Amino acid sequence: MSAGGAVAVAGSGPGGAPGDRGAAAERADAGARGSTGSGDGDAWARAAWSIVAEPGDTTAGAVVAALGAPGALAWALWAVTTTPQEALRRLRDLARGPAGPHGGTAAGADPHVGAAAGADAHGGPAAGADPWPAGTLRVLARALPRWAPRLVDLDPRPALDDLADRGGVLVVPGTPAWPPALDDLGPAAPLCLWLRGASDLAALAERSVAVVGARAATAYGERIAGDLGAGLAERGVTVVSGGAFGVDVAAHRGALAVGGPTVALLAGGVDRPSPAGNLAVLERVVDDGGALVAESPPGTPPSRARFLQRNRVIAALTRATVVVEAAWRSGALSTAARAGELLRPVGAVPGPVTSMASVGCHRLLRDGAAVCVTDAAEVVELLDPPGSSRPGGSAPVAPVPHGAVPHAVVPPVPVPPGVVPPPSPAPVSSPLGTAGSVVGQQAGARPGRQPVPPVADRADGVAARALDALDRRRSRTTVEVARRAGLAEHETVAALGLLELAGAARRVDGRWRRSEGTGTQGRLL
């Protein structure tokens, strides 16, 4: 996508308070009407939203689903200047307005004044109006201050220009290149994807498997991951992983060794593939018909919180997930948990019972959350169970609408007597209903099976995000830290105070930097 015509959103003001909101809102409204000059107001607005909201922000996803990306951006520019109650009233009004739920701001509608028809004096639904979920006001009150610092001087053009210079494209929902499986994440789905390499991500993901595991992999784990990557690629399966050390890069190398495509999901921007030690492999991914994919725009550094959020995209993008090696507390287990929530089949490779690197895999197998797999042929059975019409099957099966749960999704293992088959996921009745309820829940547990045990990792906590935004050599103001971390200013102040007490951060002339020797998230995290 060309960045030409992308509209800069002007603003200034201390503490993250935007300045000229009227002009900025007019530009966003122009994007909603497709008159920005770019010819694609939705793509432009989604690029802007990917700068404003952190990956996995379900509130942003719900608002975009309700208003459309351009309309949601226009609403957000105004909403951060008013109270959450007024913002909620206007949100209801726009969602029920003549433009429809995805029409953005209706022509002639003023998003800056007026209360919503059908809303009571406290921002709640009036009698006869469609009910909105309890807690919506609280969710907005937490989200708006987090967006405000990044709405100052918002301009997606530099990121779009950088992407174009690298030969990349912006993939947005509703286009042929968008993988429909990502929509299963609901409001947690990516708002857009920044991509380098093969532009048809939907085709790559159509028949794909995630191969994930420990960064500190053993020689056994790296060999198995490489064999799986090569074996799956030879069978026409796209290998998807995170590009990290250990199991991830071994799986990528295995696919590349046999000339197969592979996709790497990055925790930062596509302009800075990480880790740097795998740069040569990741560039080969692009050159050999695969793709580097990121939720965040170019220039975004990787962080622990973004690594965790990336896992949900890996789980949703692929048709099955295989864990090769994982310790008791491992990010790979969070990917398996996400796949289980989405009713994707999960496989785990057993290892030596004396190996701490395989404890997580054995945990998945013991709890019935994964099927034992030992080679590529057994992994393919997760995609093509016996009796299916896919390659490797023998009998035809009826087509299953996307989003439904086919019987073949359940791995081919005997079902104990009395176990009820898993129900289809319940439809989402309100986009903002999930915004307040999806985060932190482990939905979709299968009856008769133990859910994947939650991973006790606080990397997405407020203090951890603030610490990730600090440097050891460069001091930053509180506003800069808030903007880099995607936090509200008051959250940042509190987090920095805790980090200072823990010895993880120090204040120098009113600015903040990470303390020397701080390698982990600290005792308070």
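Source: prediction; values computed, not measured.

**Considering the overall build of the chain**
- A tally of regular secondary structure across the chain gives 19 helices and eleven strands.
- Relative to its 525 residues, the chain shows a buried fraction of 52%.
- A sequence separation of at least 24 residues applies to 74% of the contacts in the chain between residues at least 6 apart.
- Total accessible area computed for the chain in this model is approximately 21,400 Å², and 55% of it derives from carbon and sulfur atoms.

**Digging into the sheet that holds strand β8 (residues 346–348)**
- One open sheet accounts for nine strands, arranged β1-β2-β6-β5-β4-β3-β7-β8-β9; its pairing is mixed. In this open sheet, the two edge strands, each paired with only one partner strand, are β1 (169–171) and β9 (371–372).
- Note: strand β2 (residues 193–197) against strand β6 (residues 291–294), four bridges, orientation antiparallel. Note on β6: the bridge partner recorded for Gly197 is Ala291.
- On the sheet, helix α11 (residues 279–287) packs against β2, β5 (262–266) and β6 and is oriented at approximately 110° with respect to β6.
- In the packing of helix α15 (residues 376–383) onto the sheet, the strands contacted are β3 (208–212), β7 (320–323), β8 and β9, and the crossing angle to β7 comes to about 150°.

**Regarding the environment of Glu491**
- Its place among the elements puts Glu491 in helix α19 (residues 489–502).
- Separated by 25 residues in sequence, Glu491 and Ala466 have C-alpha atoms that sit 9.0 Å apart.
- Apart from the residues lying within four places of it in its own chain, the contact partners of Glu491 are Arg142, Arg146 and Val462.
- At a separation of 2.8 Å, a polar atom in the side chain of Glu491 contacts the side chain of Arg146.

**Looking at the pattern of salt bridges**
- All told, the structure shown has 16 salt bridges when counted by the stated rule.
- Measuring nitrogen to oxygen at the nearest pair gives 2.6 Å for the salt bridge that ties Arg89 to Glu86. Within this pair, Arg89 and its partner Glu86 are both found in helix α5 (residues 84–95), separated by three residues, close to a single helical turn.
- Judged by relative accessible area, which is 10%, Arg89 ranks as buried.
- In this structure, the salt-bridge partner of Asp155 is Arg157, at a minimum N-O distance of 3.1 Å.
- Accessibility expressed as a relative area gives 22% for Asp155, which makes it partly exposed.

**A look at the confidence of the model for the chain**
- Chain-level pLDDT for the chain is 75 on average; 69% of the residues reach the 70-or-more range.
- Across residues 34–39 the pLDDT falls below 50, and counting only partners more than four positions away or on other chains, this stretch makes ten contacts in the model.

**Some details on the pairing of β5**
- Of all five residues in β5, five are buried; the element is thus mostly enclosed.
- Strand direction decides the pairing type here: strand β4 (residues 238–241) and β5, joined by three bridges, are parallel. From the neighbouring strand, Val239 faces β5, where its bridge partner is Thr262.
- One crossover worth recording links β4 to the parallel β5 by way of helix α10 (residues 247–257), and it is right-handed.
- Pairing geometry for β5 and β6, over four bridges, is parallel.

**What to know about the side chain of Arg513**
- Among the structural elements, Arg513 can be located in strand β11 (residues 511–514).
- Residue class for Arg513 comes out buried when judged on its relative accessible area of 18%.
- Within the structure, Arg513 has its side chain in polar contact with the side chain of Ser475 (distance 3.0 Å).
- When sequence neighbours within four positions are dropped, the list of residues in contact with Arg513 reads Leu470, Asp471, Arg472, Arg473, Arg474, Ser475, Ala505, Arg506 and Val508.

**Some points on the nonpolar core**
- Grouped together as the largest cluster of nonpolar side chains are 37 residues, with contacts concentrated most on Leu265, Val293, Val323 and Leu364.
- The element that contributes the greatest number of residues to this core is helix α12 (residues 304–317), accounting for five residues.
- Ranked by size, the runner-up nonpolar core spans 33 residues in total, among them Trp49, Val52, Ala60 and Trp78.

**Points about the environment of Pro187**
- Summarising the element assignment, Pro187 is placed in the loop between β1 and β2.
- Overall, the relative accessible area of 11% leaves Pro187 in the buried class.
- For the pair Pro187 and Gly61, spaced 126 residues apart in the sequence, the C-alpha separation amounts to 4.4 Å.

**What to know about unusual backbone geometry**
- In this chain, Ser274 is followed by Pro275 through a cis amide linkage whose omega measures 0°.
- Residue position: Pro275 is located in the loop between β5 and α11.
- Of note in the backbone geometry, Asp153 takes a positive phi value of approximately 55° without being a glycine.
- Mapped onto the fold, Asp153 is located in the loop between α6 (136–151) and α7 (157–165).

**Focus: the pairing of β6**
- With burial as the criterion, each face of β6 is covered, one bearing Ala291 and Val293 and the other bearing Leu292 and Ala294.
- You can see the chain leave β5, run along α11 and come back into β6, and the turn it takes is right-handed.

**What to know about the packing of α5 against α6**
- Between α5 and α6, whose axes approach to 9 Å, the crossing angle comes to 110°. By the angle class used here, α5 and α6 are roughly perpendicular. Between α5 and α6 lies a crossing of right-handed hand. Where α5 abuts α6, its residues Pro84, Gln85, Ala87, Leu88 and Leu91 lie against Thr136, Leu137, Leu140, Ala141 and Leu144.

What counts and how
Numbering of residues starts from 1 in every chain and runs along the sequence as written. It should be noted that, the model being predicted, local features are given only for residues of pLDDT at least 70 and side-chain atom pairs only at 80 or more, the latter also being counted only at that level, while totals for whole chains, interfaces and linings use all residues. Heavy atoms from the whole structure form the basis of all side-chain values; hydrogens and water molecules are not counted. Strands are runs of DSSP state E lasting at least 2 residues, helices are runs of H or I lasting at least 4, and numbering of each runs from the N terminus. Burial classes follow relative accessibility: with a 1.4 Å probe on protein chains only, a residue under 20% of its type's maximum area counts as buried, one over 50% as exposed, and anything between as partly exposed. Between two residues, a contact is recorded if the distance between any of their heavy atoms is within 4.5 Å. With residues, only the protein chains shown are counted as cover, and all accessible areas are computed by Shrake-Rupley using a 1.4 Å probe. Strand pairing requires that DSSP identify at least two bridges connecting the strands. Note on definitions: angles span 0 to 180 degrees between N-to-C directions of axes, and those axes are lines fitted to C-alpha atoms, for helices only across the stretch in contact. In protein, a polar contact means a hydrogen-donor-capable atom and an acceptor-capable atom, both N or O and within 3.5 Å, with residues adjacent in sequence counting only if both atoms are side-chain atoms; elsewhere, any N or O pair within 3.5 Å suffices. Whenever a carboxyl oxygen of Asp or Glu lies within 4 Å of a side-chain nitrogen of Lys or Arg, that contact is scored as a salt bridge. The pLDDT value tells you how sure the predictor is about a given residue, anywhere from 0 up to 100. Handedness of a crossover: with both strands directed away from the viewer, a clockwise path from the first strand across the helix to the second marks it as right-handed. Definition used in this section: a nonpolar core is a set of buried Ala, Val, Leu, Ile, Met, Phe, Trp, Tyr and Cys residues joined via side-chain atoms within 4.5 Å. Relative orientations are named as follows: roughly parallel for angles under 35 degrees, roughly antiparallel for angles over 145 degrees, roughly perpendicular for angles from 65 to 115 degrees, and oblique for any other angle. For any helix crossing, the convention is left-handed if the near helix is rotated counterclockwise from the far helix by under a right angle, and right-handed if that rotation is clockwise.

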